[in-house]
Amino acid sequence: MSQLTDDTGVLTTDVLIIGAGPAGLYGAYYAGFRGLTVTVMDVLPQLGGQISAMYPEKPIFDIAGFLSVRGRDLVDGLVAQAEPYSPRYLLGHRAAELTHDADGLPVVRSDQGTSVRAKAVVITGGVGTFTPRPLPAGEEFLGRGLAYFVPDPSVHAGQDVVVVGGGDSAFDWAALLAPIARSVTLVHRTARFRAHTASVEKVRALGVEIVTDSEVSRLIGAERVEQAEIRHRTTKETRLIPAQAVVAALGFLADLGPLQHWGLGIRARKITVDTHMGTNLPRVFAAGDITDYPGKVRLISVGFGEAATAVNNAATVIDPEAALFPGHSTEKEH
């Protein structure tokens, strides 16, 4: 299933999936299952969408057939499922512009200057583009000890880690890192937490120091972070603690980004779709959390079904002679 680049340098593919979260990865599998070439574009540098970015180690309990599955393992399984069909991944590419060529085919240009001509587009962008809320102090250490995600906890083995935030992500990171780091300190600006009570108690039981009514006011170091200055918000007293890593879990800002300028039907920051998962634009479909229709339920499992529906309907647009239902996977030879 080759994917070609034409004389103008434009990548051509049967299906372009925008968004590499669970729905997008399952859509990549299903497009391959239908014999279609597929390209997946995502602004994040890794596959898995919000799962990989925010809770790769957290157990997920509502995936059919699994009592519990780690986020990382779910993503790995979805990638492995699609792998036999050789999807092309364009990671670190934000879908910036959508046009239609003279033949009516959608062409998507990324912010990196890569253009993809597809016979159909499936948007599976979850909540759209989401960016971490920045840590006010020490932004110059981003990538040099300061991070907003923990894609690989093992790199923090033996380190002094400061986690900033009071939500579920902050407490999840603290609980994950406590057994492998030399020390973990959680800093939150108030004494009230947004995290679930059970998560807070788990972190306390692991011996993590929780510093409240305080903020990280400065990061200190040469090439990398070496210390964090913590300032009490009322007394203004400060203290320095060792820190080779600082994880800022301050939440995210989510928006549709360039998608909102494509002429898509949008309601409450979601893309409206019909029962075919089709949008108001020709050859453009959508699936997963980014979609909206009466009775919509935002679950990963629902996104899987929507991705299959979108791809199957896209297949009939690509080839009007194709059947909507491709047959059961048990009937196929692999």
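The structure presented is a predicted model; accordingly, all values stated were derived computationally and were not measured.

Moving on, we come to the packing of aromatic side chains. Per the counting criterion, the structure on display carries 8 aromatic pairs. Relative to Tyr-30, the ring of Tyr-26 lies with its centre 6.0 Å away and its plane at 50°, an arrangement referred to as tilted. Here Tyr-30 and Tyr-26 lie together in helix α1 (residues 22-33), a separation of 4 residues that amounts to about one turn. Cluster of aromatic residues (ring-pair linked, three or more members): Tyr-26, Tyr-29, Tyr-30, Phe-33, Tyr-85 and Phe-304.

Across a sheet, paired strands are connected by hydrogen bonds in the backbone, their directions being either parallel or antiparallel. Strand order in this open sheet of 5 strands is β10-β17-β11-β12-β13, and the pairing throughout is parallel. Pairing within the sheet leaves two strands with one partner each, and these edge strands are β10 (146-147) and β13 (209-211). Packed onto the sheet, helix α4 (residues 168-177) meets β11 (160-164), β12 (183-187), β13 and β17 (245-248) and runs at close to 170° relative to β12.

Sheet analysis places strand β14 (residues 214-221) next to strand β15 (residues 225-232), joined by 7 bridges and oriented antiparallel. What sits directly across from Ile-220, in β15, is Gln-227. Linking two consecutive strands that pair antiparallel, namely β14 and β15, is a turn of 3 residues. In the sheet, β15 pairs with strand β16 (residues 238-242) via 5 bridges, with the strands oriented antiparallel. Directly across from Ala-228, in β16, lies its bridge partner Ile-241.

Reading across from one edge, β14-β15-β16 is the order of the 3 strands in this open sheet, with antiparallel pairing throughout. Among the strands making up the open sheet, the edge pair consists of β14 and β16. Neighbour to neighbour, the strand axes of the sheet diverge by 30° on average, direction disregarded.

The subject of this paragraph is unusual backbone geometry. At Asp-213, a residue that is not glycine, the phi angle is positive and equals roughly 55°. Structurally, Asp-213 is set in the loop between β13 and β14. Its relative accessible area of 29% is what places Asp-213 among the partly exposed residues. Unusually for a residue other than glycine, Ala-268 sits at a positive phi of about 50°. If you trace the backbone, Ala-268 turns up in the loop between β19 (266-267) and β20 (270-272). Using a relative accessible area of 69% as the deciding quantity, one classes Ala-268 as exposed.

If charged atoms from side chains of opposite charge come close, those side chains can pair. All chains considered together, the criterion is met by 12 salt bridges. Linking Glu-97 and Arg-109 is a salt bridge whose minimum nitrogen-to-oxygen distance equals 3.3 Å. On the criterion of sequence distance, the pair formed by Glu-97 in strand β6 (residues 95-100) and Arg-109 in strand β7 (residues 106-110) is long-range, its members being 12 residues apart. With relative accessibility at 36%, the residue Glu-97 sits in the partly exposed group. With its nearest N and O atoms 3.7 Å apart, the salt bridge here joins Asp-292 to Arg-298.

So, about the environment of Ala-31. Relative to the elements of secondary structure, Ala-31 occurs in helix α1. Under the relative-accessibility criterion, Ala-31 is labelled buried at 0%. In this structure, the C-alpha to C-alpha distance between Ala-31 and Glu-57, residues 26 residues apart in sequence, is 28 Å. Sequence-distant contacts of Ala-31, that is, excluding residues within four places in its chain, are made with Val-15, Leu-36, Val-38 and Val-311.

So, how was this worked out
- Residues numbered from 1 in each chain as written.
- Predicted model: local features only at pLDDT ≥ 70, side-chain atom pairs only at ≥ 80, totals over all residues.
- Heavy atoms only, no water.
- Phe/Tyr/Trp six-rings, centres within 6.5 Å; stacked < 30°, edge-to-face > 60°.
- Helix = DSSP H or I, 4+ residues; strand = E, 2+ residues; numbered from the N terminus.
- Pairing = 2+ DSSP bridges.
- Contact = heavy atoms within 4.5 Å.
- Axes fitted to C-alpha atoms, helices over the stretch in contact; angles between N-to-C directions.
- Buried < 20%, exposed > 50% of the residue type's maximum accessible area, 1.4 Å probe, protein only.
- Salt bridge = Lys/Arg side-chain N within 4 Å of Asp/Glu carboxyl O.

Shape descriptors only; they carry no functional weight alone.
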